[in-house]
Amino acid sequence: MDISYIINELGEEREDYFRAIAPPIIQTSNFAFKKVDDLRKSFEDEYSTWLYSRGLNPTVEILRKKLAALDGAEDCLVFNSGAAAIFAAVLANIKSGDHIVSVKSPYTWAQRMFEVILPRFNVTVTYVDGCSTENFALAIQPTTKVIYLESPNSWFFELQDLSAIALLAKQHNIITICDNSYCTPIYQQPIAFGIDLVLQSGTKYIAGHSDTVAGVLCGKRQMIERIFNSEYMNIGSGIQPFNAWLLIRGLRTLPVRLERITRSTYEIVGFLKAHPRVEKVLFPMDPSFPQYELAQKQMTGACGLVTIFLKAESAQTIELFCESLKHILMAVSWGGHESLILPKCAGMKPENFDPKNQDHRSLRLYIGLEEPAYLIADLLGAFESIASLS
Ligand SMILES: *Cc1c(COP(=O)(O)O)cnc(C)c1O
């Protein structure tokens with residue numbers, strides 16, 4: 001399906017709402033019926049009628065159609081956060097006694113679920129280095145029901161070979177779930193590689209303006225319908241109509257935003273690689289990236305997030321660098337209009353900082369929609385502020 005069609009037309013029945021170009025926000029909790037029999041049918045199959053907005057809602061419906069098509073999926077559910085999408089996808093495919101193989105260091109709240117919530121229900125997890133498919137094969141047990149992937153990871157960008165792992169999982173009847181937040185369907189389509197469920201944080205590039213939290217989950221219709229009738233309805237964390245409307249608006253400019261951010265990213269990566277205070281730059285589409293070949297094989301692009309390792313003897317140097325930036329904001333998240341910096345050392349106690357540990361000296365940069373020269377000037381100023389410090 002043509003991407004311009006998906007973004008501008010698919011799902012939009014303008015004759016139903018005064019031929020308005022922008023779809024209405026159907027801000028209602030419930031829907032009225034004229035016939036008892038229609039109400040009865042709706043109770044029997046809530047997945048095909050407007051009954052109550054914890055289930056289906058017409059504004060959300062437009063968004064679901066577009067997001068499913070972008071991922072090349074049969075169907076889609078949109079949640080109130082990416083974390084909720086992760087939770088529903090995993091919960092729907094495990095029971096007590098089951099086992100999960102997960103890539104090591106998945107997104108924080110996926111890891112919390114694996115380590116804090118699931119053990120209470122006798123579900124165990126093995127973490128593997130996802131850079132080698134063989135590690136997944138070795139970790140599979142007779143009770144393994146889910147392989148959880150995140151490719152690329154959002155800090156150090158480790159990739160997994162999606163088609164090889166999908167094939168392995170199918171041989172063992174294991175469901176594969178992949179967090180695709182970094183790439184979005186614009187730059188990677190895990191379903192085409194045989195992955196069963198693909199999710200992303202809609203908070204990032206889909207919303208794109210740092211004003212909404214949302215999560216997207218796509219897969220085969222049968223699986224998505226099963227999740228709708230159980231986890232989605234029961235957890236009750238479906239996206240609300242206004243937020244769905246913001247995501248539809250975000251989608252209009254998704255390709256153009258990524259195109260711009262991609263160009264800026266290459267320019268800024270070039271600048272960072274040449275700077276003497278930068279020990280190393282990590283970016284999946286840079287030829288120096290350890291898994292560059294795999295990135296080229298399964299991704300059509302990369303942008304926005306870049307991790308740098310500063311040459312620094314103390315956490316204070318890194319802190320001064322971050323605090324000297326005038327335009328690049330210090331904050332979590334990414335995917336919005338504004339550029340951001342996030343130092344790894346903010347997640348640890350100052351006394352545990354070890355300059356010999358490269359990871360402690362890492363900073364994650366998100367490149368937003370500003371002019372690249374404006375961002376480079378800001379970075380230069382911060383480098384100057386630490387020039388006299390080791
Ligand atoms: C932000 C993020 C999530 C979680 O999404 P929320 O919308 O914040 O709940 C999941 N995975 C990755 C890689 C993320 O960056």
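Further up the page is the structure itself.
Anyway, here's the lowdown on the structure attached to this text.

Each value, and the rule that gives it
- Residues numbered from 1 in each chain as written.
- Predicted model: local features only at pLDDT ≥ 70, side-chain atom pairs only at ≥ 80, totals over all residues.
- Heavy atoms only, no water.
- Helix = DSSP H or I, 4+ residues; strand = E, 2+ residues; numbered from the N terminus.
- Contact = heavy atoms within 4.5 Å.
- Polar contact = N/O pair within 3.5 Å; in protein donor to acceptor, adjacent residues only side chain to side chain.
- Expected span 1.5 Å × (residues − 1).
- Buried < 20%, exposed > 50% of the residue type's maximum accessible area, 1.4 Å probe, protein only.
- Arc of directions from axis to C-beta.
- Disulfide = S-S within 2.5 Å.

1. As for the environment of Gln189
- On the secondary structure map, Gln189 appears in the loop between helix H8 (184–187) and strand S6 (197–201).
- In sequence terms Gln189 and Leu77 are 112 residues apart; their C-alpha atoms lie 17 Å from each other.
- Every residue in contact with Gln189, bar those within four places of it in the chain, is listed here: Leu70 and Asp71.
- A distance of 3.4 Å separates a polar atom in the side chain of Gln189 from the backbone oxygen of Pro185.

2. Brief notes about helix H14 (residues 372–385)
- With 14 residues, H14 extends 20 Å between its outermost C-alpha atoms, agreeing within 8% with the 20 Å of an ideal straight helix rising 1.5 Å per residue.
- Within the sequence span of H14, burial applies to Pro372, Leu375, Ile376, Asp378, Leu379, Ala382 and Phe383. The buried residues of H14 occupy one face: seen down the axis, they fall within an arc of 160°. Turned more than 90 degrees from where H14 packs its buried face, Ala373 and Glu384 sit exposed.
- Next to the buried residues of H14 lie helix H11 (254–274), strand S8 (278–282), strand S9 (305–310), helix H13 (315–324) and strand S12 (362–366).

3. Notes on the state of the cysteines
- The final tally for this structure, using the stated rule, is zero disulfides.
- Considering cysteine sulfurs only, Cys218 is the nearest to Cys76, which forms no disulfide, with 3.8 Å between them.
- As a non-bridged cysteine, Cys303 has Cys183 as the owner of its nearest cysteine sulfur, 8.4 Å distant.
- What makes Cys303 buried here is its relative accessible area of 1%.

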